[in-house]
Amino acid sequence: MATTAPAQPVHPVDEVPPVRHLAAFGLQHVLAMYAGAVAVPLIVGGAMKLSPADLAYLITADLLVCGIATLIQCVGFWRFGVRLPIMQGCTFAAVTPMVLIGTTGGGLPAIYGSVIVAGLAIVLLAPVFGRLLRFFPPLVTGTVILIIGVSLLPVAGNWAAGGVGAKDFGAPKNLALAGFVLAVVLGVQRFAPPFLSRIAVLVGIAVGLAAAVPFGFTDFGGVGDADWVGISTPFHFGTPTFHASAIVSMLVVALVTMTETTGDLIAVGEMTDRKVEPRTLADGLRADGLSTVLGGVFNTFPYTAFAQNVGLVGMTRVRSRWVVATAGGILVLLGLLPKLGAVVAAVPAPVLGGAGLVMFGTVAASGLRTLAEVDFKGNDNLTVVAVSVAVGMLPVGVPTIYAKFPDWFQTVMNSGISAGCLTAIVLNLLFNHLPGKAGSAGAAAEPKAASV
């Protein structure tokens, strides 16, 4: 009798959890990234003094394209999408150039023209970046993941204190609420049954929100003002215009976001035990480019992998890309139903801060875990890590350090992630690839330090 071959086990990345789990895990990802997702349209629209109606339009358009971009990245089609649990959102690297373009160089149509060109450039450059993967050994990837986590911690700190610009920023009650949420998240993760422990962040946010209501932390006034249905139409703010200076600055942003996305994709690949290969890296970057083009068409901004959610993958150990695809579907709904988006927006910043501390700390700890694979004896690898982390933390600790430098330099170096990543790549090449100390212990340690 012929025997049937045993079924191949499904990789955790490709597993499809039950529907109720998908919904809970997906909502958890949405709550983790929502504040960051809407921050870019709020900052750019506020700087351009747009009306409240136009600001609301920017936010719903952003959420819609965030969802579509996430679906492209997680589900994928043809050569678009890394097919890993990656959330997509507007990149903060583009904020300063877009504000300058919008206020001095042609308004929103000029922004969208440069965004479309930058997206097309990312699609074309994706295969080139894919071939650069060999320059990301554990020494570099561990350092970059560590920098991603540490550079996100001030974001969680600002949330915990009440949110940047809040009148009661730093008030003890804000930090107490954040601490309470952190305690709930840790308690659920430690003592709850397996399913609840995997949605510890969602439980913490829900309990924190329930505790915040009677103490006056929440304001649901925006829910009543929001429309039930809102559809983003292409080129709502006018036909895109193409200005050379705007395009050049946005191309610099494109290179920065590609570097950041590369670090995020490698980080998630490490956490999910599905290593990113040159081809899959190119596919992920190509999806970034397509999403950025869609952003320019549908009245929003450049897209990149969201580091906030990398920590959630590591913390919950839920590795299914279909969970994050579900989160993308929820974002599409929020973009089409502004009233739902207003409900999510009512979650107080300190509640998000308490959850963010453990999530972003998890990213940094994952970087340390990767660095544990690297040989630091008798070589210069410790110097590579030390200087890269230092350079990456400079703009985080001293945000105005590059204020007197040219705009293109600020675009690259004001992002601690891209600054640290570029430094790690260059120093790894300098100490582990270029001929120098021939026959030294440092040269002998090269294969382990530089292996992918």
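Refer to the structure printed above.
The residue count restarts for each chain, going from 1 along the sequence in the order it is written. Reporting of local features is limited, given that this is a predicted model, to residues whose pLDDT is at least 70; pairs of side-chain atoms are given and counted only at 80 or more, and all residues count toward the totals for whole chains, interfaces and linings. The side-chain figures draw on all heavy atoms in the structure; neither hydrogens nor water molecules are used.

Enquirer: Outline the overall build of the protein, supporting the account with residue identities and numerical values.
Expert: What counts as a helix is a DSSP run of H or I of at least four residues, what counts as a strand is a run of E of at least two, and both are numbered from the N terminus. Counting its secondary structure elements, the protein contains 20 helices and two strands. The quantity called the radius of gyration is restricted to C-alpha atoms. Its globule counterpart is 2.2 Å times the number of residues to the power 0.38. Relative to the globule expectation of 22 Å for 452 residues, the C-alpha radius of gyration of the protein, 22 Å, shows essentially globular dimensions. Taken along the three principal axes of its C-alpha coordinates, the protein extends 70 × 60 × 60 Å. With a 1.4 Å probe rolled over the protein chains alone, any residue whose accessible area is under 20% of its type maximum counts as buried; one over 50% counts as exposed, and the rest are partly exposed. For the protein, buried positions account for 57% of its 452 residues. Contacts in the protein between residues at least 24 apart in sequence constitute 83% of all its contacts with a sequence separation of at least 6. All accessibility values rest on the Shrake-Rupley procedure with a 1.4 Å probe; residue burial counts only the protein chains present in the view. Summed over all atoms, the accessible surface of the protein reaches about 18,800 Å², with 70% contributed by carbon and sulfur. Treating the 23 positive side-chain charges of the protein as one cloud and the 20 negative ones as another, the clouds have centres 5 Å apart. Contacts were defined at the residue level, with two residues in contact if any of their heavy atoms lie within 4.5 Å. Lys and Arg are tallied as positive, Asp and Glu as negative. Neither His nor the chain termini are counted. One atom stands in for each charge, and that atom is NZ of Lys, CZ of Arg, CG of Asp or CD of Glu.

Enquirer: How would you sum up the nonpolar core? Please name residues and give values.
Expert: In summary, soluble globular proteins display a tendency toward joint burial of nonpolar side chains. Of all hydrophobic cores here, the largest spans 117 residues; its most connected members are Met98, Ile111 and Phe301. Side-chain atoms within 4.5 Å are what join buried Ala, Val, Leu, Ile, Met, Phe, Trp, Tyr and Cys residues into a set we call a nonpolar core. Counting eight residues, the second largest nonpolar core, distinct from the first, contains Leu139, Ala364, Val374 and Val385.

Enquirer: Now, about the packing of aromatic side chains: what can you tell me, with residues and values included?
Expert: By convention, a stacked pair of Phe, Tyr or Trp rings (six-membered ring in the case of Trp) has centres within 6.5 Å and planes under 30 degrees apart, an edge-to-face pair has planes over 60 apart, and any other such pair is tilted. Tallying each qualifying case throughout the model produces seven aromatic pairs. Taking 5.8 Å as the distance between ring centres and 90° as the angle between the ring planes, the aromatic pair formed by Tyr57 and Phe237 counts as edge-to-face. In this pair, Tyr57 sits in helix α2 (residues 52–74) while Phe237 sits in the loop between α9 (221–225) and α10 (244–272), placing the two residues 180 residues apart along the sequence. Tyr57 gets classed as buried once you look at its relative accessible area, which sits at 15%. Taken together, the ring pairs connect Phe77, Trp78 and Phe80 into an aromatic cluster.

Enquirer: How would you explain the side chain of Asp283 if you had to name every residue and give the values?
Expert: Structurally, the position occupied by Asp283 is in helix α11 (residues 278–297). Whenever a nitrogen or oxygen atom comes within 3.5 Å of another N or O atom, the pair is scored as a polar contact, on the condition that within protein one atom can donate a hydrogen and the other can accept it, and that pairs from neighbouring residues in sequence are kept only if both atoms are in side chains. Of note is the side chain of Asp283, whose polar atom sits 2.9 Å from the side chain of Arg79. Discounting chain neighbours no more than four positions away, the residues touching Asp283 are Gln73, Arg79, Phe80, Gly81 and Val82.

Enquirer: Which residues make up helix α16 (residues 381–397), and what are the values?
Expert: Expected helix span is computed as 1.5 Å times (number of residues minus one). With 17 residues, α16 should cover 24 Å at 1.5 Å per step; its first-to-last C-alpha distance of 24 Å lies within 8% of that length. Here α16 has its buried residues at Asn381, Val384, Val385, Ser388, Val391, Gly392, Met393 and Pro395.

Enquirer: Which residues make up the pattern of salt bridges, and what values go with them?
Expert: Put simply, a salt bridge is a Lys or Arg side-chain nitrogen that is within 4 Å of an Asp or Glu carboxyl oxygen. All chains considered together, the criterion is met by seven salt bridges. The residue Arg79 makes a salt bridge to Asp283 at a minimum N-O spacing of 2.9 Å. Of this pair, Arg79 sits in the loop between α2 and β1 (88–90) while Asp283 sits in helix α11, and the two are 204 residues apart along the sequence. Among the charged side chains, a network of salt bridges with common partners joins Asp14, Arg274 and Arg321.

Enquirer: Break down unusual backbone geometry for me, with residues and values.
Expert: Residue Trp78 is not a glycine yet carries a positive backbone phi of 50°. Among the secondary structure elements, Trp78 is positioned in the loop between α2 and β1. For Trp78, a relative accessible area of 67% gives the class exposed. A positive phi angle is found at Arg83, which is not glycine, with a value near 60°. Within the fold, Arg83 resides in the loop between α2 and β1.

Enquirer: Explain the environment of Pro85 residue by residue, including any values.
Expert: You can see Pro85 is positioned in the loop between α2 and β1. By relative accessible area, which is 3% here, Pro85 ends up buried. Residue contacts for Pro85: discarding those within four places in its chain leaves Val13, Cys74, Val268, Thr272, Val313, Arg319, Ser320, Arg321 and Val324.

Enquirer: Tell me what's going on with the side chain of Arg286, and back it up with residues and numbers.
Expert: Tracing the chain through its elements places Arg286 in helix α11. Classification of Arg286 by relative accessible area gives buried; the value is 10%. A distance of 2.8 Å separates a polar side-chain atom of Arg286 from the backbone oxygen of Arg79. Each residue touching Arg286, except ones within four places of it in the same chain, is listed here: Arg79, Phe80, Val123, Ala126 and Pro127.

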